[in-house]
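# Close look at the chain arrangement
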Amino acid sequence: MKKIVFLCLMMVFISSLYGQDSIKTVILDSVVIKGKNINLLQFAPSGDNINEKQLQTINSQNVGDAAKFLSGVIVKDYGGLGGIKTVSVRGLSSNHTAILYDGVNLFDNQSGQIDLSKYSLSSISSISLANSQFTPTLPTATSLASANSINIQTKRPEFIENEKIRENLSISYGSFNLFNLNNYMALKLKEKDILTTFINFTSTDGKYPYNLHYGNNQNYQTERLIRKNNDLFSYHLESNYFHIFNKDKELKMKMFYYYSDRGLPANVTLYYQNSKQRLTNKNFFFQDDYTTKINNYWKYKNIIKFDWNYSHYIDPNVFTINGGESDTYIQRFIYMNNAIAFTRFNNIFFTLTNDLSYNNLSSPSTLDDTPKRMCSTTAFVIDSKWKNIFLTADIVHSFSKDYYNNIKDTAKSHFSPFVSIKYKHNDFSTTFFYKNIFRMPTFNELYYRQVGNIYLRPEKTNQFGLSTNYSFNFSNISITPEIDLYYNDVTDKIVAIPQRNIFLWTMLNYGKVKITGIDCKINFNMFSFNSLNVNIKLNYSYQKAIDNDIKSLTYKQNLPYMPQNIFSSILTLDYKQFTLGYTCLFVDQRYSLSENTSANYLAPYSDNGANIKYKTYVIVKNKKINMDFMFSVNNILDKQYEIVKSYPMMGRNYNFKINIEL
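Since the model is a prediction, treat every value here as computed from it, not as a measurement.

### A word on the overall build of the chain
Helix and strand content of the chain: 5 helices and 36 strands. Residue burial in the chain is summarised as follows: out of 662 residues, 53% are buried. Contacts spanning at least 24 positions in sequence make up 64% of the contacts within the chain whose residues lie at least 6 apart. With the model as given, the accessible surface of the chain reaches about 28900 Å², and the carbon-plus-sulfur share is 59%.

### Some points on the pattern of salt bridges
Enumeration according to the criterion identifies 20 salt bridges in this entry. Across the pair Arg262 and Asp115 runs a salt bridge whose closest N-O atoms are separated by 3.7 Å. In this pair, Arg262 sits in strand E16 (residues 249–263) while Asp115 sits in the loop between strand E6 (104–105) and strand E7 (124–131), placing the two residues 147 residues apart along the sequence. The burial state of Arg262 is the same as that of Asp115; both residues are buried. Through salt bridges that share partners, Arg90, Glu482, Asp484, Asp519 and Lys521 make up one connected network.

### As for empty space enclosed by the protein
All told, the structure shown has 11 cavities of 30 Å³ or more when counted by the stated rule. The volume enclosed by the largest cavity comes to roughly 880 Å³. What lines the largest cavity is a set of 41 residues, among which Asn95, Phe107, Thr142, Met440 and Thr442 lie closest to the centre. Every element with two or more residues in the lining of the largest cavity is listed here: strand E4 (85–89), strand E5 (97–101), strand E19 (325–345), strand E20 (348–362), strand E21 (372–386), strand E22 (389–403), strand E24 (428–439) and helix H5 (443–447).

### Re the pairing of E7
On any regular strand, side chains alternate: one points to one face of the sheet, the next to the other face. Most of E7 is tucked away: 8 of the 8 residues are buried. As defined by bridge partners, strand E2 (residues 46–51) adjoins E7 across 6 bridges and the pair is classed as antiparallel. Bridging from a neighbouring strand, Ser46 pairs with Asn131 of E7. Where E7 lies against strand E8 (residues 148–154), 7 bridges are found, and the strand directions are antiparallel. Bridge assignment links Ser128 to a residue of E8, and that residue is Asn151.

### Overview of the sheet that holds E5
The sheet built from 5 strands is open, its strands ordered E2-E7-E8-E5-E6 with mixed pairing. Two strands close off the open sheet at either side, each with one partner strand: E2 and E6. Direction of pairing for E5 relative to E8: parallel, over a ladder of 5 bridges. Its bridge partner lying in E8, Ile99 is registered against Ile150.

### So, the environment of Tyr329
By the secondary structure assignment, Tyr329 is in strand E19. Exposure remark for Tyr329: the relative accessible area of 1% places this residue in the buried category. With 33 residues separating them along the chain, Tyr329 and Ser362 place their C-alpha atoms 5.8 Å apart.

### Looking at the side chain of Gln133
Looking at the secondary structure, you find Gln133 in the loop between E7 and helix H4 (141–144). A distance of 2.7 Å separates polar atoms of two side chains, one belonging to Gln133 and the other to Asp394.

### Some points on the side chain of Lys301
Inspection of the secondary structure puts Lys301 in strand E18 (residues 298–315). In this structure, Lys301 is buried with no salt-bridge partner, the nearest side chain bearing the opposite charge being Asp289 at 4.1 Å. Ignoring anything within four residues of it in the chain, the contact list for Lys301 reads Leu138, Asp289, Tyr290, Thr291, Asn337, Asn338 and Ala339.

### A few points about a nonpolar patch on the surface
Residues Phe578, Leu580, Ile612, Tyr614, Phe631, Tyr654 and Phe656 make up a contiguous nonpolar surface patch of roughly 650 Å² in combined accessible area. At the level of secondary structure, the elements contributing two or more residues to the nonpolar patch comprise strand E31 (578–587), strand E34 (605–620) and strand E36 (653–661). Assignment of secondary structure puts Phe656 in strand E36. Residue classification places Phe656 among the partly exposed positions, given a relative accessible area of 40%.

### Details of the packing of aromatic side chains
All told, the structure shown has 25 aromatic pairs when counted by the stated rule. Note on Tyr235 and Tyr257: the rings are 6.1 Å apart at their centroids and 40° apart in plane angle, and the pair reads as tilted. Residue Tyr235 is located in strand E15 (residues 232–246), and its partner Tyr257 is located in strand E16; the two are separated by 22 residues in the primary sequence. Residue Tyr235 is classed as partly exposed on the basis of its relative accessible area of 22%. Residue Tyr257 is classed as partly exposed on the basis of its relative accessible area of 21%. Aromatic side chains Trp298 and Phe342 sit 4.6 Å apart centroid to centroid with 45° between the ring planes, which places their arrangement in the tilted category. Placement of Trp298 in strand E18 and of Phe342 in strand E19 is noted, with a sequence separation of 44 residues between them. Overall, Phe342 belongs to the partly exposed group, its relative accessible area being 23%. Linked through ring pairs, Phe201, Phe233, Tyr235, Tyr257 and Tyr259 together constitute an aromatic cluster.

### Quick notes on the environment of Asp307
Relative to the elements of secondary structure, Asp307 occurs in strand E18. Asp307 gets classed as buried once you look at its relative accessible area, which sits at 2%. Distance in space between the C-alpha atoms of Asp307 and Ile334 is 6.5 Å, their sequence separation being 27 residues.

### Topic: the pairing of E19
Across 18 bridges, E18 lies against E19 in antiparallel orientation. The residue of E19 that forms the bridge with Lys305 is Tyr335. As paired strands, E19 and E20 are joined by 15 bridges and run antiparallel to one another. Its bridge partner lying in E20, Phe333 is registered against Asn359. The turn joining E19 and E20, which pair antiparallel and follow one another in sequence, is formed by 2 residues.

### Some words on unusual backbone geometry
As a rule of thumb, non-glycine residues mostly have phi less than zero, and peptide bonds are mostly trans rather than cis. The backbone of Asn229 sits at a positive phi, close to 55°, despite the residue not being glycine. Counting through the fold element by element, Asn229 comes out in the loop between strand E14 (221–226) and E15. Positioned with a positive phi, Tyr561 is a non-glycine residue whose angle comes to about 60°. When you line up the elements, Tyr561 lands in the loop between strand E29 (532–547) and strand E30 (565–575).

### Brief notes about the confidence of the model for the chain
Averaged over every residue, the pLDDT of the chain is 84; residues scoring 70 or more account for 86%. The low-confidence segment residues 1–35, where pLDDT is below 50, has 46 contacts with residues more than four positions distant or belonging to other chains.

How each quantity is defined
Residues numbered from 1 in each chain as written. Predicted model: local features only at pLDDT ≥ 70, side-chain atom pairs only at ≥ 80, totals over all residues. Heavy atoms only, no water. Helix = DSSP H or I, 4+ residues; strand = E, 2+ residues; numbered from the N terminus. Buried < 20%, exposed > 50% of the residue type's maximum accessible area, 1.4 Å probe, protein only. Contact = heavy atoms within 4.5 Å. Areas by Shrake-Rupley, 256 points an atom, 1.4 Å probe, with all protein chains shown as cover. Salt bridge = Lys/Arg side-chain N within 4 Å of Asp/Glu carboxyl O. 1 Å grid on protein atoms, 1.4 Å probe; cavity = no way out; pocket = protein on both sides within 12 Å on 5 of 7 lines; lining within 4 Å. Points joined across faces, edges and corners; volume = space filled by probe spheres on them. Pairing = 2+ DSSP bridges. Polar contact = N/O pair within 3.5 Å; in protein donor to acceptor, adjacent residues only side chain to side chain. Lys, Arg positive; Asp, Glu negative; His and termini not counted. Patch = residues over 30% accessible without salt bridge, like charges linked within 9 Å, V, L, I, M, F, W, Y side chains within 5 Å. Phe/Tyr/Trp six-rings, centres within 6.5 Å; stacked < 30°, edge-to-face > 60°. pLDDT = per-residue confidence, 0-100.

Next comes the structure, spelled out in structure tokens:
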């Protein structure tokens, strides 16, 4: 805690120095935006989006909690404050969803899935979901080879005329000693050179109370206990460099480092409270993104990325010759994308994109060898427009080969087609898409100790989707309803079942899985009505994910952790200097295992949150400093629930936040 207090004082001191800038500038209404984000959602057959305003309404510190409010998304949360958070979209596994960070794929070896709790909301401008895929002009082939995509878009710098520095500092403190510090800074080095830095620190003891019940009957309360070994300390450092050669050529570079040390609380099934398991994560990556328009017909993009990921798991209560279990896993990933787009006509575009990657995993204590994987993914894309008809089609070729303990027949090759047809007339549009997906098991699923299963077969998925939306626009009101129907047919689906904690899993193949569902979305906006702005986002999803293998003992039963009904809402009211926010999330009943019995039953739950924010400013030496004060309460009804069986979530909790924009 002393380290955190010292860092806070340093941040405040640095901020005060920038507040004493010798440039006497009074803030103006007109703002010159030097960088502009591309809305990737416009390139998707269907999807969902949470904008920066809505992100501020969600009472959360990280992307994992915010993703719960995307349509058709299920977030598995293993412990709340410091728990790992992974996503499942439309009943498909997390590894079927490509997570993009500023349009570039993320890679992570933690449980074979991307942990969205790593990414702080303070540096994020939007989170977008594409059902099937984003198809911008120069996509990465890896993103096209995934069933769904989520793009996390970071903030781009904005400067007032003659301004060289912008800084945003926020500090929050909440229940269970949850402390969070964020500092975002943008520097305009030259007219064409911009540097941004972001620092985030999070700490909590995770000691929240919960009720322990005997058996499955929740009416028999035994005692009130405190969650133990649920602490977290993490920090995230990020820097971005932008060089704009001209309007047709840009270079973006990103450096990212994340560190976390957390306790892994045991499940409470056996009322065991003496867990001493720890997990340490370190993740560093560097990526370079260069885009140029060669001439009126050709565009080119090159991405280079290096990713290093370290995990150290310890359990002193496991007796070994070394006095306890201590496993270290290190993954290295080298990746390059080249994409070129050609257009000869105004209504037909061609894109060829290729990804090459090399991946290895080392763990001297648990692996006899170092598994290696070479991958090549190539996609050819055609986009065309004819009157009100939009057609997108692509063919993706995936090739991979593993090298591990002289295991033979590891080379896999597959062609995956995709087609999307959209009809748009004024404010009405409807889209149909079909997509075939081939997914190799990850190193984690194949080789991790007590987790890996070298006999896993690749997943093969056929997706069908139909989306219809209409936008109603009045003088100062906008209403956009959308309905999506979908059907997913999966062969050899890989399902992860947690064992005795959130680090150790069992990986299984299901022969055949059928997933059907419907997503209903409504966005309502009312602008400047007597100084009142209203934004309402409503999502409802119904899905049925069942084991469809007639030879299976669980034939026609629901897959683990797949609820049939999900409802979420985000309400934001702006009135003068005040902002009121309210969120609601309802998740229907689920089963923790493939056998749909009462012993595996998980009850429905709802989580409601609210916050109020007051905006003001002060003038210091002719410089305007904006200040926000926000008070939040989560789980207003103080209902105990479980997202993962035997991992009770937090009850009612509070948070106070101060945000200063210099």
